[in-house]
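# Examining the three-dimensional arrangement
Spelled out, the chains give:
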Amino acid sequence: MSGVAGVVALAVGLAQAPYTFIEGQVPANQQPDGNSIVIEGAREMLVIDTGRHPEHTEKIIAVARARDKPITAIINTHWHLDHATGNARIRAAYPGAKLYASTAVEGALQGFLARGVEQAKASLDDPAVPETRKTDTRLYLNAINDPVNLIPDQPVRGTMTIRLGERELQLHLARHAATEGDVWVHDPASKTVFAGDLVVVPLPFFDTGCAEGWRQALAEIDQLDFQTLVPGHGLPMDHATFSSYRHAFDAFTACADGDQPTASCVAIWRQQGAAFVAMHPNPKYTEAALGYYVDQVLRVPAKRAEYCGKRVAP
Ligand SMILES: [Zn+2]
């Protein structure tokens, strides 16, 4: 066990642990943090996703401090703020850290992320809103008011390689999947894929998702030679478990594309995704979320058009 709570170094057949996994927490009554990964080079550290709450981001910084190497690069798998809010805190500690991400955040800052601002500001003055919720709201407002720490200075526009000493990380871009642009990372040396929210336990989050592009991304990942996949939320899984996730995803979204009742689609995930449902303490939450995504996102033409990058007919 490392000296930092909630931090696990995974040794996958290498002399030295190839990366440190920091599990994102889902605190009661608060917004979640996504998982983070810290990868050590000869003289520097690289981080995949930086969390939302300062407590999460500080665990990342503690790993770098313990190894006495600066964080020189951040990769954001996508712009959702449970994965990117910590960018600013990391750069405050390590100025000049490069930011690799897709440019989808630029559209999100004008659209999805901008939509909640008025309501968020009003909630800060509402005595009925609990303080923990207000903390999350302030983090959100601070993050979107600081776009330089969300918009990449190293935009990922397709497949690219980052060198970390002898090691080469391959960055891939999935268009119109969990977001308009999702970056996923393949580390051939440790046979690991860092999938971001393309893979999420206990169910895929479709808040800004496009089923079609997402299915394609999962198919591409499945073709690779890897042993471990680190999801955006939940614990690392082996390749076979990922493949079962992919098949459950395909069946669930095919159902949502058709005209079966919502309950039938929910039942498909409950059966084919049973292993993932079991990883969450509250199956009722999972069922409600699945039904919500079928009715409120996947079957809403305007949302499909927005998240799949297609224009709505006038
Ligand atoms: Zn997330």
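So, how was this worked out
Residues numbered from 1 in each chain as written. Predicted model: local features only at pLDDT ≥ 70, side-chain atom pairs only at ≥ 80, totals over all residues. Heavy atoms only, no water. Pairing = 2+ DSSP bridges. Helix = DSSP H or I, 4+ residues; strand = E, 2+ residues; numbered from the N terminus. Contact = heavy atoms within 4.5 Å. Axes fitted to C-alpha atoms, helices over the stretch in contact; angles between N-to-C directions. Buried < 20%, exposed > 50% of the residue type's maximum accessible area, 1.4 Å probe, protein only. Donors = N, O, S within 2.8 Å, 3.2 Å for Na, K, Ca; no water. Tetrahedral: all angles 85-135°; square planar, octahedral: opposite > 155°, others 65-115°. Phe/Tyr/Trp six-rings, centres within 6.5 Å; stacked < 30°, edge-to-face > 60°.

### Quick word on the sheet that holds strand 13 (residues 237-238)
Read across the open sheet, the 6 strands follow the order 8-9-10-11-12-13; overall the sheet is mixed. Edge positions in the sheet fall to strand 8 (160-164) and strand 13, since each has one partner strand and no second. The pairing of strand 12 (residues 228-233) with strand 13 spans 2 bridges and is classified as antiparallel. By the bridge assignment for strand 13, Leu229 is matched with Met237. Where helix 8 (residues 211-223) meets the sheet, it contacts strand 9 (167-175), strand 10 (181-187), strand 11 (192-200) and strand 12, and its direction lies at approximately 160° from that of strand 11.

### Focus: unusual backbone geometry
Cis geometry marks the peptide bond from Val201 to Pro202, where omega comes out at 10°. Summarising the element assignment, Pro202 is placed in the loop between strand 11 and helix 8. In the Ramachandran plot, Asp68 falls in the positive-phi region, its phi being about 55° despite a non-glycine side chain. Tracing the backbone shows Asp68 in the loop between helix 1 (54-67) and strand 5 (71-75). Judged by its relative accessible area of 69%, Asp68 is exposed. Non-glycine residue Lys191 carries a positive phi angle of around 50°. Within the secondary structure, Lys191 is located in the loop between strand 10 and strand 11.

### Brief notes about the coordination of the zinc ion
Around the zinc ion, the protein supplies Asp82 (OD), His83 (NE2), Asp197 (OD) and His233 (NE2) as donor atoms, at distances of 2.1 to 2.3 Å. Each of the 4 donor atoms bound to the zinc ion contributes to angles spanning 85 to 158°, and the resulting shape is irregular.

### Details of the packing of aromatic side chains
Taken as a whole and assessed by the stated rule, the structure comprises 13 aromatic pairs. Their ring planes at 85° and their centres at 5.1 Å tell us that Tyr19 and Phe194 sit as a pair that is edge-to-face. Of this pair, Tyr19 sits in strand 2 (residues 19-22) while Phe194 is found in strand 11, placing the two residues 175 residues apart along the sequence. For the pair Tyr19 and Phe194, one class covers both residues: buried. Ring geometry for Phe226 against Phe242: centres 5.9 Å apart, planes inclined by 65°, an arrangement best described as edge-to-face. Of this pair, Phe226 sits in the loop between helix 8 and strand 12 while Phe242 sits in helix 9 (residues 239-257), and the two are 16 residues apart along the sequence. This pair shows no difference in class: Phe226 is buried, exactly as Phe242 is.

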